[in-house]
Amino acid sequence: MQGLPLSFVDVEKTFHIKGQALTVFEQLTLDCPGGSFTALLGPSGCGKSTLLRLALELETADAGSILVGDERPSAARKTGAVGVAFQDAALLPWRNVEDNILLPFQVLGTKPPDPEHIGKLIRLVGLEGFEKARPEELSGGMRQRVAIARSLATEPRVLLMDEPFGALDLILRRQMNLELQRIWSAARPTTLLITHGVDEAVYLADRVIVLSARPAEILADITIPFARPRAPELLRDPQFHKLCDEIGAYLEPQQNQTEA
Amino acid sequence: MKSRHDTLGTAALLLLILIAWEVAGQLRLVADGTLPALSAILTRLFAERSDYWPHILATLETSGLGFIIGNLIAVAAALVFCLWPIGERLLRGVNIAAFAVPPIAIVPVLVIALDGDVARITLAALLVYFPTMTATLAGLREVDPRSLDLVSAYGGGKLKALLLVRLRAAVPAIMSGFQVAAPAAVLGAILAEFGSGARWGLGTFLLGSLGRGEPDRLWGIGLAATAIAGVGYGLAALAAQWTTGRNRAVTIAPPPSESTSPQVERWRRSLLTLIAVLLPFLFWQMLLLAGDLSPIIAKTPLGVLDYLFFSNASPSAQSRLLQALSETIPITIGGMFIGLAVAFLLALLSFATPVVMRALLPFALVTQTMPLVALTPLAVLIFGRGITVTLVITISVTFFAAFVLLAQGFALIPRPAFDLVDAYGASTLQKLRLIAIPASRKWLFVAARLAMPKALLGVMIAEWLATGKGLGNLLNQSRGYLDYGMIWTVAVVSVLVAIALYQLTYTAERLTER
Ligand SMILES: Nc1ncnc2c1ncn2[C@@H]1O[C@H](COP(=O)(O)OP(=O)(O)OP(=O)(O)O)[C@@H](O)[C@H]1O
Ligand SMILES: [Mg+2]
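As a starting point, this report considers the structure included with it. (Residues numbered from 1 in each chain as written. Chains lettered and ligands numbered in written order. Predicted model: local features only at pLDDT ≥ 70, side-chain atom pairs only at ≥ 80, totals over all residues. Heavy atoms only, no water.)

### Overview of the overall build of chain B
This is how it is decided: Under the scheme used here, helices are H or I runs from DSSP no shorter than 4 residues and strands are E runs no shorter than 2 residues, and both carry numbers assigned from the N terminus. It only takes one pair of heavy atoms within 4.5 Å for two residues to be counted as in contact. Computed with a 1.4 Å probe, the accessible areas rest on the Shrake-Rupley method; for each residue, only the protein chains presented here act as cover.
Per the secondary structure count, chain B includes 21 helices and 0 strands. Within chain B, counting contacts between residues at least 6 apart in sequence, those at least 24 apart form 79% of the total. Total accessible area computed for chain B in this model is approximately 22900 Å², and 70% of it derives from carbon and sulfur atoms.

Put into structure tokens, the structure is as follows:
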């Protein structure tokens, strides 16, 4: 099951709040080939989460087209092809960890996976022993890990993740990065990862996109050359740091002005 | 978590209130013995216990069946309205009419049209329907939008969202609806017994005891009714408490956006409103046709129009009606506002100090279920026959439902919201201003919608039994004169007034959203 291509063509999106227009995208085009891993960076409030919501058709674009495979997102998501981990975990407070992970199957109306599959996912995100815990009994980071497990549960062909590791400590974050790389390499879902961590983006992705402040445009589109599988040692590689610094420079305010 | 200390505090406060009651009763402090000592009431109740049982059982059966049937219909209707909002718009007139009909005014009609038992259960179910329906619908709509996003992200439609998210998320709201509905069912059963010539039931017992002017018997019956309602209320409250803890969102959720409701064009909106207005009249006409009733007793909508505008009696009818309206409407609005304010303050108080809430709740429940008809003679003895007694009765019938809803709204505020302002050392007052009040805004309007028709009912009952003014008095007089035209006219006009006031709360809600 290869990843499905995900493409945004000339996307325009404006929010209207109390009569005030707020243009997030004027004419954004971004193409993620099937099986690619794209990391999305950009200043807070520039529209990263909005782009992800557009890819799910939770928001509708004012103009332009968005395709998952060759379908509209609203059609693609019904097939179970898309997995998502939102910026805030979005767990149902009355369900325990296991049942929260099972939710996509119930929504899709597909056969629930065998318990071993769920058990594996829970172990993968390091939550064994918490299968029956409710969200309010978990820490913020633990809730995020449930959301990650849930996003992977349906073995999606397009994986959308919005700062999935934001609330994790550095060690755990590295560990989850490794796991994500492993899962991605095995199944090759087309992945769009939103993150604020430049090193995380460079470590995981084939390609890093840096968005400008609103209205968001692509400031930089950088191909990451490192071979896979990428070992944790890469994080100490001078080449790696050079690339991180280069990308980080795009995120500095004055750079934005001159480049944009 | 309820600490030991809190429980002790509640018990102590409760005890203090009971002692004050006992002392006031023994010394005949309140209106020359209108408030008998608690011990005197209980002694009498115990001595007459064998008289009580058949009445209690009859009321229990009527209110229990009404409670179950009314709630089933209410929850089913809320589900339909949630899936199909146009349905709510179309039936808005029917909904409000069903709720706003002053129960006493329709008891005679129900008894004519239906079998005695069925008539009584119908009235209990009717009073149950509206509070549960509105609370359920608010609960179904007030859902964490992130949960809905998640369902949409996996291709789920409205039905999946309802089954997997909304229904479960609404459970605390449904329970709070049940809490309000339990006393309403008992009130409905008693009012129906009162007016239907039933052989058994606390309402019948009350009617037989009214003339004897024995406050301790009246209070005894009131306490028995309260106990029945209290059991229902308590069960629903327990269920609410048990489910609320798990429903509280773990992080602060933004309120659901307004744009989800489809924008309809002006002409379609007008059409919907027109149908909503006409449907109750259509139902009314059809019911009378189906029941094959005498047009002298059972007036059709056209019959009422004819009575009010085209008959010999019209001019006198019109002037009496206008006079009555000018007396009833201002005090209804005033009483409603004070009742809401009292409910809000009490909800704030119970939010700040749960001890007070738990001690006050039993007394709040008494004012709700002590049948208004029993309460009113007592209130008259205490407050006289002036405007005060109307206000007191109106406030006491409006505030309870509002209080339960507001307390529920406060309880649903996510904890991190408070942790956040706590972190900045916010005082209790600041917490209220910054979080509790904005978060409960929606509930305040739901409470206002519930309180409006109740306020009208309270005013009318006070007018009927005490002050001899306004719509209530007009209704009572017309019953005496067998003036069926006026009985129907007052029922219709009071429903129309209630609907106008109800609509006003929607307008106010929209205005505050700006
Ligand atoms: N539903 C909405 N209604 C109105 N404005 C919105 C809505 N959703 C997002 N916005 C606005 O769109 C802009 C982009 O928001 P978005 O959440 O996509 O930012 P982001 O890049 O994900 O930021 P962050 O890194 O902080 O998560 C913001 O200015 C936000 O205020
Ligand atoms: Mg975001």
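### Considerations on the overall build of chain A
Defined as follows: For every residue, the accessible area obtained with a 1.4 Å probe (protein chains only) is divided by the maximum for its type, and the residue is called buried under 20%, exposed over 50%, and partly exposed between those limits. Within this scheme the basic residues Lys and Arg register as positive and the acidic residues Asp and Glu register as negative, but His and the chain ends are omitted. For the purpose of locating charges, the reference atoms are NZ of Lys, CZ of Arg, CG of Asp and CD of Glu.
Looking only at helices and strands, chain A has 9 helices and 9 strands in total. If one aligns the C-alpha atoms of chain A with their principal axes, the spans along those axes are about 55 × 45 × 35 Å. Relative to its full complement of 260 residues, chain A shows a buried share of 55%. Across chain A, the fraction of contacts at a sequence separation of at least 24, relative to all contacts at a separation of at least 6, is 68%. When the accessible surface of chain A is totalled, it reaches about 11400 Å², and 51% of it is carbon and sulfur. Averaging the locations of the 27 positively and 34 negatively charged side chains of chain A gives two centres separated by 5 Å.

### Observations regarding helix α2 (residues 38–47) of chain B
All names here are of chain B. Inclusion rule: Note that the arc is defined by the directions from the helix axis to the C-beta atoms.
Along α2, the residues that are buried comprise Leu38, Ile41 and Arg44. What you see down the axis of α2 is that its buried residues fit within an arc of 135°, all on one side. For α2, the exposed residues lying more than 90 degrees away from the buried face are Thr43, Phe46 and Ala47.

### Observations regarding the pattern of salt bridges
So the rule is basically this: A pair is scored as a salt bridge if a Lys or Arg side-chain nitrogen falls within 4 Å of a carboxyl oxygen belonging to Asp or Glu.
Per the counting criterion, the structure on display carries 19 salt bridges over all chains. Its salt-bridge partner being Glu59(A), residue Arg53(A) comes within 3.2 Å of it at the nearest N-O pair. Between Asp117(B) and Arg120(B) there is a salt bridge, with its nearest N and O atoms 2.9 Å apart. Of the two residues, Asp117(B) and Arg120(B) are both situated in helix α6 (residues 116–141); the distance of 3 residues between them amounts to about one turn of the helix. Exposure remark for Arg120(B): the relative accessible area of 11% places this residue in the buried category. Through salt bridges with shared partners, a single network forms among Lys13(A), Arg53(A), Glu59(A) and Asp149(B).

### Here's the deal with the site of ligand 1
Residue and element names in this part refer to chain A. We count it as follows: In these notes, residues near a molecule or strand are those with any non-hydrogen atom within 4 Å of it. Definition of a polar contact: a pair of N or O atoms within 3.5 Å, with one able to donate and the other able to accept a hydrogen when the atoms are protein atoms, and with sequence-neighbouring residues admitted only if both atoms are side-chain atoms.
Taken together, 16 residues lie near ligand 1, and Ser44, Gly45, Lys48, Ser49 and Thr50 sit nearest. One of the backbone nitrogen or oxygen atoms of Cys46 is found 3.3 Å away from an oxygen atom of ligand 1. With respect to ligand 1, the backbone of Gly47 contributes an N or O atom lying 2.9 Å from an oxygen atom. Within the complex, 69% of the 630 Å² of free accessible area of ligand 1 lies under protein. Going through the elements one at a time, β1 (6–17), β2 (20–32) and α1 (48–55) are the ones with two or more residues in the shell around ligand 1.

### Some words on the sheet that holds β2(A)
Each strand in a sheet pairs with another by means of backbone hydrogen bonds, the pair being arranged parallel or else antiparallel. Residues and elements named next belong to chain A. Selection criterion: Should DSSP find at least two bridges between two strands, the strands are taken to pair. Note on geometry: axes are C-alpha line fits, over the in-contact stretch for helices, and angles between N-to-C directions span 0 to 180 degrees.
What the 3 strands build is an open sheet, ordered β2-β1-β4; its pairing is antiparallel. One side of each edge strand has no neighbouring strand; the edge strands of this open sheet are β2 and β4 (63–68). Geometrically, the sheet is characterised by an average inter-axis angle of 30° between neighbouring strands, direction not taken into account. Alignment of β1 against β4, held across 5 bridges, turns out to be antiparallel. Residue pairing across strands places Glu12 opposite Ala63, the latter belonging to β4.

### So, the coordination of the magnesium ion (ligand 2)
Residue and element names in this part refer to chain A. To keep things clear, this is the line we draw: Coordination partners: N, O, S within 2.8 Å of the metal, 3.2 Å for Na, K and Ca; water not considered, so apparent gaps in a site are possible.
Distances from the magnesium ion (ligand 2) to its protein donors, namely Ser49 (OG) and Gln87 (OE1), fall within the range 1.9 to 2.2 Å. Taken together, the residues Ser49 in helix α1 and Gln87 in the loop between β5 (82–85) and α3 (97–108) connect sequence positions 38 residues apart. Exposure remark for Ser49: the relative accessible area of 23% places this residue in the partly exposed category.

### Digging into the packing of helix α14 (residues 314–352) of chain B against helix α21 (residues 484–513) of chain B
Residue and element names in this part refer to chain B. As a reminder, the rule being used: Each crossing gets its hand from how the near helix is turned against the far one by less than a right angle, where anticlockwise is left-handed and clockwise is right-handed. Each residue receives one of three labels: charged for Asp, Glu, Lys and Arg, nonpolar for Ala, Val, Leu, Ile, Met, Phe, Trp, Tyr, Cys and Pro, and polar for the others, Gly being one of them.
The N-to-C vectors of α14 and α21 enclose an angle of 35°; their axes lie 11 Å apart at closest approach. Taken as a pair, α14 and α21 cross one another with a handedness that is right-handed. Here Ala317, Arg320, Leu321, Leu325, Ile329, Thr332 and Ile333 of α14 come into contact with α21, specifically with Met486, Thr489, Val493, Val497 and Leu501. In the contact of α14 with α21, the residues fall into 9 nonpolar, 2 polar and 1 charged.

### Considerations on the pairing of strand β8 (residues 207–211) of chain A
All names here are of chain A. Judged by how many residues are buried, β8 sits mostly within the fold: 5 of 5 residues are covered. The alternating pattern of β8 places Arg207, Ile209 and Leu211 on one face and Val208 and Val210 on the opposite face, and all of these are buried. Across 4 bridges, strand β3 (residues 37–41) lies against β8 in parallel orientation. Each bridged residue has a counterpart across the sheet, and for Leu40 the counterpart in β8 is Ile209. In this antiparallel pair of consecutive strands, β8 and strand β9 (residues 218–223), the connection spans 6 residues.

### A short note on the pairing of β9(A)
Bridge count between β8(A) and β9(A): 5 bridges; the pairing is antiparallel. Bridge pairing in β9(A) links Ile209(A) to Asp221(A).

### Thoughts on unusual backbone geometry
Residues and elements named next belong to chain A. Cis geometry marks the peptide bond from Arg214 to Pro215, where omega comes out at -15°. Going from Arg228 to Pro229, the amide bond is cis rather than trans, its omega being -5°. With respect to the helices, strands and loops of the structure, Pro229 is situated in the loop between β9 and α8 (238–250). The backbone of Asp10 sits at a positive phi, close to 50°, despite the residue not being glycine. Here Asp10 shows up in strand β1. Positive phi, normally seen in glycine, also occurs at Glu163, with a value near 45°. Considering the arrangement of structural elements, one finds Glu163 in the loop between β6 (158–162) and α6 (170–187). Its relative accessible area of 16% is what places Glu163 among the buried residues.

### Details of the state of the cysteines
Using the following cut-off: The disulfide criterion is simple: two cysteine sulfur atoms within 2.5 Å.
For the coordinates displayed, the defined rule picks out 0 disulfides over all chains. Lacking any disulfide linkage, Cys32(A) is separated from the closest cysteine sulfur, that of Cys46(A), by 15 Å.

### Observations concerning a negative patch on the surface
Put simply, the test is: Residues enter a patch when their relative accessible area is above 30% and they make no salt bridge; the linking distance is 9 Å between like charges and 5 Å between nonpolar side chains (Val, Leu, Ile, Met, Phe, Trp, Tyr).
A surface patch of like charges, here negative, comprises Glu12(A), Glu26(A), Asp62(A) and Glu217(A). If you trace the backbone, Glu217(A) turns up in the loop between β8 and β9.

### Observations concerning the environment of Glu252(A)
Residues and elements named next belong to chain A. Along the chain, the position of Glu252 falls in the loop between α8 and α9 (253–259). When its relative accessible area of 40% is taken as the criterion, Glu252 is described as partly exposed. Linking Glu252 and Leu67, residues 185 residues apart in sequence, is a C-alpha distance of 32 Å.

### Comments concerning the interface of chain A and chain B
Counted only if it meets this: Values labelled buried area give the accessible surface lost by two parts on being combined, using a 1.4 Å probe and summing over both.
Every contact between the two is made by 29 residues of chain A and, on the other side, 24 residues of chain B. The junction of chain A with chain B conceals about 2300 Å² of combined surface from both sides, 64% of it contributed by carbon and sulfur atoms. When the buried surface of chain A facing chain B is broken down by residue, Trp94(A), Val107(A) and Glu136(A) rank first, second and third, together holding 29% of it. Counting across the chain A and chain B interface gives 2 salt bridges.

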